[in-house]
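As a plain string of letters, each chain reads:
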Amino acid sequence: MSDETREAIQRFHDALNSHDIDALTLVVHEECVFETTNPPDGTRHIGRAAVLSACQEFFVQSPEARFTMEEVTTFEDRAFVLWRYDWADGHVRGVDVMRVRDGKVVETFAYVKG
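So, here's what we can say about the structure. (Residues numbered from 1 in each chain as written. Predicted model: local features only at pLDDT ≥ 70, side-chain atom pairs only at ≥ 80, totals over all residues. Heavy atoms only, no water.)

A short note on the pattern of salt bridges
Note the threshold: Here a salt bridge means any side-chain nitrogen of Lys or Arg lying within 4 Å of a carboxyl oxygen belonging to Asp or Glu. Here a helix means four or more residues in a row that DSSP labels H or I, a strand means two or more in a row labelled E, and each is numbered from the N terminus. In this scheme, a residue with accessible area under 20% of its type's maximum is buried, one over 50% is exposed, and one in between is partly exposed, where area comes from a 1.4 Å probe on protein chains only.
Within the structure shown, the criterion is met by 7 salt bridges. Between Arg 99 and Asp 77 there is a salt bridge, and its shortest N-O distance comes to 4.0 Å. Of this pair, Arg 99 sits in strand β5 (residues 90–101) while Asp 77 sits in the loop between β3 (66–75) and β4 (78–87), and the two are 22 residues apart along the sequence. According to the relative accessible area criterion, Arg 99 is buried, its value standing at 17%. Overall, Asp 77 belongs to the partly exposed group, its relative accessible area being 23%.

Side note on the sheet that holds β3
Where we set the bar: We treat two strands as partners when DSSP finds at least two bridges between them. Helix axes are fitted only over the stretch in contact, all axes being lines through C-alpha atoms; the angle between N-to-C directions runs from 0 to 180 degrees. Contacts are residue-level and defined by heavy atoms, with any inter-residue pair within 4.5 Å sufficient.
Judged by pairing direction, the sheet is mixed, and its 6 strands sit side by side in the order β2-β1-β6-β5-β4-β3 without closing on themselves. Each edge of the open sheet is held by one strand with a lone partner, namely β2 (44–46) and β3. Strand-to-strand twist across the sheet, computed as the mean angle between neighbouring axes with direction ignored, equals 20 degrees. Alignment of β4 against β5, held across 10 bridges, turns out to be antiparallel. Note on β5: the bridge partner recorded for Arg 78 is Arg 99. Contacts from helix α3 (residues 48–61) reach β1 (28–35), β2, β3, β4 and β6 (104–112) within the one sheet, and its direction differs from that of β1 by about 55 degrees.

Section: the side chain of His 45
Here His 45 lies in strand β2. With sequence-adjacent residues up to four places away left out, His 45 is seen in contact with Cys 32, Val 33, Phe 34, Thr 36, Ala 50, Val 51 and Ala 54.

A few points about the state of the cysteines
Worth spelling out the cut-off: When two cysteine sulfur atoms are found within 2.5 Å, that pair is recorded as a disulfide.
Throughout the structure, instances matching the rule amount to 0 disulfides. Between Cys 55, a cysteine without a disulfide, and Cys 32, which holds the nearest cysteine sulfur, the sulfur-to-sulfur distance is 8.3 Å.

Here it is in structure tokens:
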């Protein structure tokens, strides 16, 4: 399962960095739950449509944004992704706690330093 998990996470991040909603649609599970880094507890998006809408809004607001996966650790259906998020004039680092089901991302909870 870890190889399948790693491959799904890679497809997700490739689509995110390409700002490609069609590619994200293929890798986001219909029951996906995404929690952002917005303080204090993140904003929760439930379901594929809500997750894709949040991603589309992010792409519009941050057209130069790019995530670099610094380290990916998988265990069965779970993944822990240390990342660096770069935008036009800055960056921040954080971690996503993710879960994969049926080859698609079903949970992604984001945490940020700072």
